[in-house]
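Reading the structure
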Amino acid sequence: MPSKHRSALALGVWLALSFGPACSATPPSSGSNGGSASLGVGGHGGTNGGTTASAAGSAGSPSLAGETNGGNGDAGSSAGTTAVGGGAAANGGAISGGTAGTGSGDFCAQRSGLAFCETFEGASVGPATAQPPWAPMVNGDGTVEIDGSVAHSGGHSLKVHGSGFSSFLVLSLAGLPMPAPTPLHVRAYVRLNEAMTAGHNTLLIADTQAAPGTGNAFRLGEMNEMLMYTVSGDAHGALANESYYTDHLPGAALQAQQWGCLEILLDHTKPEISVRLDDTEIADLHHSDYALDEYDALRFGFEKYAGPPSDLWFDDIAIGSAPIGCR
C-alpha cells in the first residue's frame, strides 16, 4: 500500500511547526509519567500514576463482560465464549451485543485470529469498576462509565467524559490467546458527541504496562479536525492528510454523533502501522519507518491537551492477530 514518508529532518521540522501550538505546554502534573516532550511539545505526559476510579460503584458489582475468541452469540452454543467479570452468561448467552446468531449484526462473531471482543452488554450501567482484564484510570475530573442510553449494538457502551487530563478504561492484553510475537489488530466503534477539533487530543493509547505512556507509545487522536497519531512522544507523527499545511484539505475524520469503525494494525516486528476507517485504509497514516514496542496495554478514552471537555463512546472493541473488519 503506498504511503508518504518523510526524512527525519523534514518530519522534525513539520512536527515542530504543526504540533507545537496545538498541544498543551503544561499538562497537569498529577499522574504524569514525564512522557517525551521533544521539539518543544509538552502535551504528552505519560499516563502512569493517574488516579484510578476502581473504588467507584458498588463493591463487587459485575463490570465488563469480555469475550475471548469472539463468541458467536448463538443460543445453546458453548464454543469460543468466555465471560470476564461475571456479568454475562458463558456457554450460550447472547452476549455479542448484536442480534444473536446473525452474521451482519454480530460484531463479535468468531473469526480467524480474534482473541478478545467486548460488547459491554454484561456490565452494569454506572461508573466502570476494575474487573480484569479492564481497569479505569482517571487523572482529573473526567469519568469512565457504562452507558445504557447509547450503543453501537445491543444496549450498552463505554462512555468517557474527557475532562481534566486523562480518562481511560485500560485493557490488559496479558493472557489473551495470541501468539507472540504477533501483529496487533485493534478494532473499535467510536462515537464523538462533537465534531473533531483543531486541537490535538488522544482517543486511544497503545503502550506497555511496565512503562505506561513512555518508550514507543502509540497515540491515536485528533488534530486539525482529522485523525492523526504520534509515536514515541512527539518524535514521529502523521496526519490523515499529510499535505494539509500546503493544500489545507480535510483528512479522514470521525463524524459527530455517528458511529465510526476504526481498525489499527500495530506490527512491531516489521515495523508497520496501518489505520482504517469504516474498512477503508487511510494511506497517509500507513508507515513502516517508526519503531514500535510489543504493546500489552490499550487505553480507550480521552487525553486532553487542547480545547474543551469532550464526550465520546466506545463499543464492540475487538482484539486479534489478523484483520478483523467492521462486520
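To start, this report covers the structure provided alongside it. Here, residues in each chain are numbered from 1, in the same order as that chain's written sequence. Local features in this predicted model are restricted to residues of pLDDT 70 or higher, and side-chain atom pairs are both shown and tallied only at a pLDDT of 80 or more, whereas totals for entire chains, interfaces and linings draw on every residue. Values reported for side chains reflect all heavy atoms of the structure, with hydrogen atoms and water molecules removed beforehand.

1. So, the overall build of the chain
Each helix corresponds to a stretch of at least 4 residues labelled H or I by DSSP, and each strand to a stretch of at least 2 residues labelled E; elements are numbered beginning at the N terminus. Looking only at helices and strands, the chain features two helices and 18 strands. Residue exposure (1.4 Å probe, protein chains only): buried if accessible area is under 20% of the type maximum, exposed if over 50%, otherwise partly exposed. Looking at the chain as a whole, 56% of its 327 residues qualify as buried. In what follows, residue pairs with any heavy atoms lying within 4.5 Å of each other are defined as contacts. A separation of at least 24 residues holds for 70% of the contacts in the chain among residues at least 6 apart in sequence. For accessible areas, the Shrake-Rupley method is used with a probe of radius 1.4 Å. Any residue's cover is judged against the shown protein chains and nothing else. If you sum the accessible surface of the chain, you get close to 11,900 Å²; carbon and sulfur atoms cover 53% of it.

2. As for the environment of Ile-146
Among the structural elements, Ile-146 can be located in strand β6 (residues 143-147). A sequence separation of 168 residues divides Ile-146 from Phe-314, and the C-alpha atoms of the two residues are 9.8 Å apart.

3. Comments concerning the state of the cysteines
Any cysteine sulfur atom paired with another within 2.5 Å is treated as part of a disulfide. The full count for this structure, using the stated rule, is two disulfides. Between the sulfur of Cys-108 and that of Cys-117 lies a disulfide, 1.9 Å long from S to S. Here the disulfide of Cys-108 and Cys-117 is left-handed, its torsion about the S-S bond being about -65°. By relative accessible area, Cys-108 is classed as buried at 0%. According to the relative accessible area criterion, Cys-117 is buried, its value standing at 0%. One disulfide bridge connects Cys-261 with Cys-326, the sulfur atoms lying 2.1 Å from each other.

4. Section: the pattern of salt bridges
The term salt bridge refers to a pairing of a side-chain nitrogen on Lys or Arg with a carboxyl oxygen on Asp or Glu at a separation within 4 Å. Inspection of every chain in the model, using the stated rule, returns four salt bridges. Lys-270 serves as the salt-bridge partner of Glu-272, at 3.3 Å between the closest nitrogen and oxygen. Under the relative-accessibility criterion, Glu-272 is labelled buried at 16%. Overall, Lys-270 belongs to the exposed group, its relative accessible area being 58%.

5. Concerning the sheet that holds strand β13 (residues 236-239)
An order of β5-β8-β17-β10-β11-β12-β13 is seen for the seven strands of this open sheet, with the pairing classed as antiparallel. Each of the sheet's edge strands pairs with one partner strand only, and the pair in question is β5 (134-139) and β13. Within the sheet, the average angular offset between the axes of one strand and its neighbour, ignoring direction, is 15°. Here a strand pair is declared whenever DSSP counts at least two bridges between the two strands. In this structure, strand β12 (residues 226-231) lies alongside β13, joined through four bridges in antiparallel fashion. Axis definition: a line fitted to C-alpha atoms, over the contacting stretch in the case of helices. Angles run 0 to 180 degrees between N-to-C directions.

6. Considerations on the side chain of Arg-191
Position of Arg-191 relative to the elements: it lies in strand β9 (residues 184-192). Any pair of N or O atoms that falls within 3.5 Å is considered a polar contact. Within protein, one atom must be able to donate a hydrogen and the other to accept it, and sequence-neighbouring residues count only if both atoms are side-chain atoms. At 3.1 Å, the side chain of Arg-191 forms a polar contact with the backbone oxygen of Gln-257. Excluding residues within four positions of it along the chain, Arg-191 makes contact with Val-150, Gln-257, Gln-258, Trp-259, Asp-311, Leu-312 and Trp-313.

7. Examining unusual backbone geometry
For the bond from Pro-132 to Pro-133, the omega torsion is 10°, close enough to zero to count as cis. Note that Pro-133 resides in the loop between β4 (126-127) and β5. Phi at Phe-120 takes a positive value of approximately 70°, unusual for a residue other than glycine. Topologically, Phe-120 is positioned in the loop between β3 (114-118) and β4. The phi dihedral of Gln-257 is positive, around 55°, even though this residue is not glycine. Here Gln-257 lies in the loop between α2 (244-247) and β14 (259-267). Of the residues examined, Gln-257 reaches a relative accessible area of 48% and is grouped as partly exposed.

8. Observations concerning the side chain of Ser-310
With respect to the element layout, Ser-310 can be found in strand β18 (residues 310-320). There is a polar contact of 3.3 Å between the side chain of Ser-310 and the side chain of Glu-194. When neighbours within four sequence positions are excluded, Ser-310 is seen to be in contact with Val-160, His-161, Gly-162, Glu-194 and Phe-302.

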